[in-house]
Amino acid sequence: MSVVRPAPSSIPDAPGAYLFRDGDGRVIYAGKARSLRKRLASYWGKPLHPRTAAMTEAAESVEWIVASGEVDALMLEYNLIQRHRPRFNIRYRDDKSYPYLALTVGEKWPRAQVLRGAKRKGVRYFGPYGHAWAIRDTLDALTRVFPVRTCSNAFFDQRSRAGRPCLYYDIGRCAGPCVPATTGATEESYRVHVDAMAEFLAGTTRPVLRRLETQMRAASEHEEFEQAARFRDQLFAARRALEKQEMVLSPPQDLDVVGLAEDELEAAFQVFFVRRGRVLGRKGWVVDRVEELDRSQLIASFLEQLYMERQEVPARVLVAAAPADGDLLETWLAGRRGAPVRIAVPERGAKRKLLEVVTRNAEEAFHRHKLRRASDFGARSRALTELADQLGLEQAPLRIEAYDISNLGPTDKVGSMVVFEDGLPKRQDYRKFTIKGVVGQDDFASMDEMLRRRFTRLLDEQQRPKDGRARRFSYPPALVVVDGGRGQLAQATRVLGELGLSIPHIGLAKRLEEIYFPDRPDPLMIPRGSEALFVLQHIRDEAHRTAVRFHRQTREKRAFHSPLDDIAGIGPARKKSLLKRFGSLARLREADPEQIAGTPGIGPDLAAAIHEHLHAQPTSDRRATA
């Protein structure tokens with residue numbers, strides 16, 4: 001073990017979290033403990049699991065943070081993992097992007113829609129669902145009962161300007177909030193429909209069914225048969241929406257059911273979200289078991305991850321095996337829910353059968369994942385090992401950085417730095433450079449500037465005191481790839497030599513896929529079918545794509561630049577407001593400060609500054625921007 005063991009007396013006998021760091025100061029593992037002293041002592045007191053031994057060999061130091069209690073230690077560990085993303089901590093990822101049925105309750109006129117991805121503020125989510133078509137079928141049925149709009153905001157504004165609602169209002173599928181003067185919709189009446197749909201989706205269905213049936217019978221008794229038929233169709237639609245949600249428990253209960261399938265390297269979780277006896281949503285995760293965890297510890301870790309990200313906590317959670325620190329988890333979940341929560345392993349009856357169904361779903365998802373990834377892990381490992389052999393490296397390059405320059409003529413010169421770790425893109429470490437110190441079009445000098453800025457920053461970051469903050473520029477690459485031949489490679493060799501860095505670096509020419517070395521006269525030609533060449537091509541193409549896209553963005557920003565952008569206090573909203581009122585920059589220039597101040601959001605002082613700036617421009621610039 002390369003970590004010096006701290007004196008036991010220096011470690012507090014208290015709950016908290018601890019961090020192992022590598023030689024570059026990067027956090028490679030974060031954990032929690034009821035007693036920091038006892039937990040850390042275990043890393044030196046017994047033979048370690050191979051995964052744990054690999055972590056301790058890579059670590060150079062260990063530190064700890066004392067928490068006020070076990071629940072706080074659990075929260076602290078989660079926050080540290082989310083912040084640092086340590087490579088030796090277990091990693092959870094969705095096995096696909098699941099769709100949700102969402103209500104945009106934060107808008108004046110909320111709408112119902114299908115959403116994926118990160119959750120947004122002011123939106124209430126229901127699900128997730130297994131398939132988008134299942135949501136759309138449900139939504140199609142529900143809008144026959146609750147006339148909530150499903151149109152986009154752009155279409156809503158178009159109908160509002162036209163002063164005429166769309167076909168959905170005519171057929172009773174929308175309350176017509178786009179033209180309230182015509183349809184009679186008010187915020188209060190429309191909000192009633194939105195709230196009723198939300199309650200129905202949340203599982204409170206009986207009042208809606210009872211109301212529709214009562215209204216249907218009352219209309220029939222009064223011989224209002226068209227109205228009765230309308231309520232009958234709504235009742236049928238509501239029942240059809242309910243059929244989309246499978247009934248699994250009777251009497252109705254609220255619980256989450258967690259199924260697990262695993263092997264020594266990976267695991268798959270499936271969760272069914274059951275509300276009032278019906279499955280309202282399901283979701284799956286795949287786990288890389290880079291951390292030494294038994295079955296109970298794995299389940300405990302997953303429950304932490306699940307409910308740290310999920311706001312809704314049910315009264316009961318069913319799992320395949322009792323989680324480690326079950327009492328602590330129940331205490332924490334009860335605090336989040338505001339009421340008692342029980343984590344249980346069902347032994348018999350309907351709940352046991354339900355857990356078996358969820359577990360079978362996890363096993364099927366795990367099998368599909370294995371089929372997809374069977375060659376993926378092996379291919380990446382083989383490719384990196386083969387690349388090390390081809391380039392004469394001592395070990396496989398786990399972190400590769402590639403650089404490319406993009407320009408059209410002497411303007412808008414930019415560069416890109418892309419990063420691959422373990423053979424996969426690590427996009428949060430990508431960097432884009434605006435070349436500032438090069439006159440004219442000079443790719444060699446531009447490459448020199450970009451590499452010098454990057455590796456000077458590396459040295460600066462390494463010399464700073466380690467304060468626990470993640471600094472991605474402080475991680476040195478195992479291999480540097482520059483897009484180009486001997487000229488670009490010579491710039492990399494000179495920069496690294498002048499900075500005193502010994503980092504393997506190569507140039508990759510696109511024409512014949514030739515690999516250039518700083519100390520070899522002849523380039524290397526890797527066979528076309530080689531997996532090592534595929535890795536180099538992938539990272540080179542990614543660097544080129546990133547550079548070209550940044551160049552295009554820079555060029556478009558310059559092309560659409562307005563004199564208003566140079567005025568302090570003028571942002572996109574005020575700029576849009578000014579152009580909307582005056583129609584063009586030429587008309588704005590003709591206005592006096594008092595007229596400009598009449599624009600919403602523009603005060604007298606800012607209006608005077610706008611007037612002065614526009615009239616201070618040279619005449620040629622005025623003609624160009626008008």
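Residues numbered from 1 in each chain as written. Predicted model: local features only at pLDDT ≥ 70, side-chain atom pairs only at ≥ 80, totals over all residues. Heavy atoms only, no water.

Participant: With reference to specific residues and values, describe the sheet that holds strand 7 (residues 124-126).
Facilitator: Taken in spatial order, the 3 strands line up as 6-5-7 in an open sheet, and their pairing is antiparallel. One side of each edge strand has no neighbouring strand; the edge strands of this open sheet are strand 6 (112-115) and strand 7. For this sheet, the mean angle separating the axes of adjacent strands, direction not counted, is 35 degrees. Bridging between strand 5 (residues 100-103) and strand 6 involves 4 bridges; their strand directions are antiparallel. Along strand 6, the bridge assignment pairs Tyr 100 with Leu 115. (Pairing = 2+ DSSP bridges. Helix = DSSP H or I, 4+ residues; strand = E, 2+ residues; numbered from the N terminus. Axes fitted to C-alpha atoms, helices over the stretch in contact; angles between N-to-C directions.)

Participant: Explain empty space enclosed by the protein residue by residue, including any values.
Facilitator: Applying the stated rule across the entire model yields 1 cavity of 30 Å³ or more. Taken together, Arg 149, Cys 151, Phe 155, Phe 156, Arg 159, Pro 165, Cys 166, Tyr 169, Cys 174, Gly 176, Pro 177 and Cys 178 make up the full set of residues lining the largest cavity. Per-element accounting of the lining of the largest cavity gives the leading share, 3 residues, to helix 5 (residues 153-162). In the lining of the largest cavity, the residues fall into 9 nonpolar, 1 polar and 2 charged. (1 Å grid on protein atoms, 1.4 Å probe; cavity = no way out; pocket = protein on both sides within 12 Å on 5 of 7 lines; lining within 4 Å. Points joined across faces, edges and corners; volume = space filled by probe spheres on them. Nonpolar A, V, L, I, M, F, W, Y, C, P; charged D, E, K, R; others polar.)

Participant: Describe the nonpolar core, and please don't skip the residues or the numbers.
Facilitator: Nonpolar side chains in soluble globular proteins tend to end up buried together. The biggest cluster of nonpolar side chains holds 31 residues, and the ones touching the most others in it are Tyr 92, Val 258, Phe 269, Leu 298, Phe 302, Leu 303 and Tyr 307. Put simply, the parts of the chain that give this core at least two residues each are helix 3 (70-84), strand 8 (255-262), strand 9 (266-275), strand 10 (278-288), helix 11 (295-309) and helix 12 (326-337). Per-element tally for this core: the top contributor is helix 11, with 8 residues. The contacts of Val 258, once residues within four sequence positions are left out, are Phe 269, Gln 270, Val 271, Phe 302, Leu 303, Val 317, Leu 318, Val 319, Ala 320, Leu 355 and Val 358. In terms of nonpolar packing, the next biggest core, distinct from the first, is built from 30 residues, Leu 103, Leu 142, Phe 200 and Phe 231 among them. (Core = buried A, V, L, I, M, F, W, Y, C linked by side-chain atoms within 4.5 Å. Buried < 20%, exposed > 50% of the residue type's maximum accessible area, 1.4 Å probe, protein only. Contact = heavy atoms within 4.5 Å.)

Participant: Explain the pairing of strand 17 (residues 479-483) residue by residue, including any values.
Facilitator: A large share of strand 17 lies buried, amounting to 5 of its 5 residues. Going residue by residue along strand 17, you find Leu 479, Val 481 and Asp 483 tucked away on one face and Val 480 and Val 482 tucked away on the opposite face as well. Sheet topology note: the strand 17/strand 18 (residues 505-509) ladder contains 4 bridges and is parallel. Its bridge partner being in strand 18, Asp 483 is matched across the sheet by Leu 508. Read from strand 17 through helix 15 (residues 486-498) to strand 18, the crossover connection turns out right-handed. (Right-handed = clockwise from strand over helix to strand, strands pointing away.)

Participant: So, the packing of helix 3 against helix 12: which residues are in play, and what are the values?
Facilitator: Orientation of helix 3 relative to helix 12, taken along the N-to-C sense of each, is 80 degrees, at an axis distance of 10 Å. Relative to helix 12, helix 3 is oriented roughly perpendicular. Contacts between helix 3 and helix 12 involve Glu 70, Val 71, Leu 74 and Met 75 on the former and, on the latter, Leu 328, Leu 329, Thr 331 and Trp 332. Residue composition of the contact of helix 3 with helix 12, by class: 6 nonpolar, 1 polar and 1 charged. (Parallel < 35°, antiparallel > 145°, perpendicular 65-115°, else oblique.)

Participant: If you had to explain the packing of aromatic side chains to someone new, which residues and values would you point to?
Facilitator: Here the structure, examined in full by the defined rule, presents 8 aromatic pairs. Between Tyr 18 and Tyr 43 the ring centres are 5.9 Å apart and the planes differ by 70 degrees, which places this aromatic pair in the edge-to-face class. Placement of the pair is Tyr 18 in strand 1 (residues 16-21) and Tyr 43 in helix 1 (residues 36-45), with a sequence separation of 25 residues. The exposure classification of Tyr 18 matches that of Tyr 43, with both residues buried. When the ring of Trp 109 is compared with that of Tyr 190, the centres are 5.6 Å apart and the planes differ by 75 degrees; the resulting orientation is edge-to-face. Placement of the pair is Trp 109 in the loop between strand 5 and strand 6 and Tyr 190 in helix 8 (residues 187-201), with a sequence separation of 81 residues. Taken individually, Trp 109 and Tyr 190 each receive the classification buried, so the pair is uniform in this respect. Ring pairing ties together the aromatic residues Tyr 18, Phe 20, Tyr 29 and Tyr 43, which thus form one cluster. Between Arg 149 and the ring centre of Phe 156, over which it is positioned, the NZ or CZ distance is 4.4 Å. When the ring centre of Phe 517 is taken as origin, the NZ or CZ atom of Arg 520, which lies over that ring, is 3.8 Å away. (Phe/Tyr/Trp six-rings, centres within 6.5 Å; stacked < 30°, edge-to-face > 60°. Lys NZ or Arg CZ within 6 Å of the ring centre and 35° of its normal.)

Participant: Give me the environment of Trp 64: which residues, what numbers.
Facilitator: Along the chain, the position of Trp 64 falls in strand 3 (residues 61-66). Sequence-wise, Trp 64 and Pro 12 are 52 residues apart; in three dimensions their C-alpha atoms are separated by 9.1 Å. With near-sequence residues (within four places) excluded, Trp 64 lies in contact with Pro 6, Ser 10, Ile 11, Pro 12, Ala 17, Tyr 18, Leu 36 and Leu 40.

Participant: Would you mind going over the pairing of strand 2 (residues 27-33) in detail, with residue names and values included?
Facilitator: Counting buried residues along strand 2, 6 of its 7 residues qualify, which places the element largely inside the surrounding structure. Sheet analysis places strand 1 next to strand 2, joined by 6 bridges and oriented antiparallel. Its bridge partner being in strand 2, Phe 20 is matched across the sheet by Tyr 29. Linking two consecutive strands that pair antiparallel, namely strand 1 and strand 2, is a turn of 5 residues; a positive phi of about 85 degrees is found at Gly 25 within it.

Participant: An account of the side chain of Ser 416 is needed here, citing residue identities and associated values.
Facilitator: Its place among the elements puts Ser 416 in strand 14 (residues 411-421). At 2.7 Å, the side chain of Ser 416 forms a polar contact with the backbone oxygen of Ala 543. Apart from the residues lying within four places of it in its own chain, the contact partners of Ser 416 are Ala 402, Tyr 403, Asp 404, Arg 431, Met 450, Ala 543, Thr 546 and Ala 547. (Polar contact = N/O pair within 3.5 Å; in protein donor to acceptor, adjacent residues only side chain to side chain.)

Participant: Any details on the packing of helix 3 against helix 11? Residues and values, ideally.
Facilitator: In a packed pair of helices, the relevant descriptors are the angle between the two axes and the axis-to-axis distance. Packing of helix 3 against helix 11 brings their axes to within 11 Å, and their N-to-C directions diverge by 80 degrees. When the interaxial angle is binned, helix 3 and helix 11 end up roughly perpendicular. Mapping the contact onto sequence places Leu 74, Met 75, Glu 77, Tyr 78 and Gln 82 in helix 3 and Glu 304, Gln 305, Met 308 and Glu 309 in helix 11. For the contact of helix 3 with helix 11, the residue count by class is 4 nonpolar, 2 polar and 3 charged.

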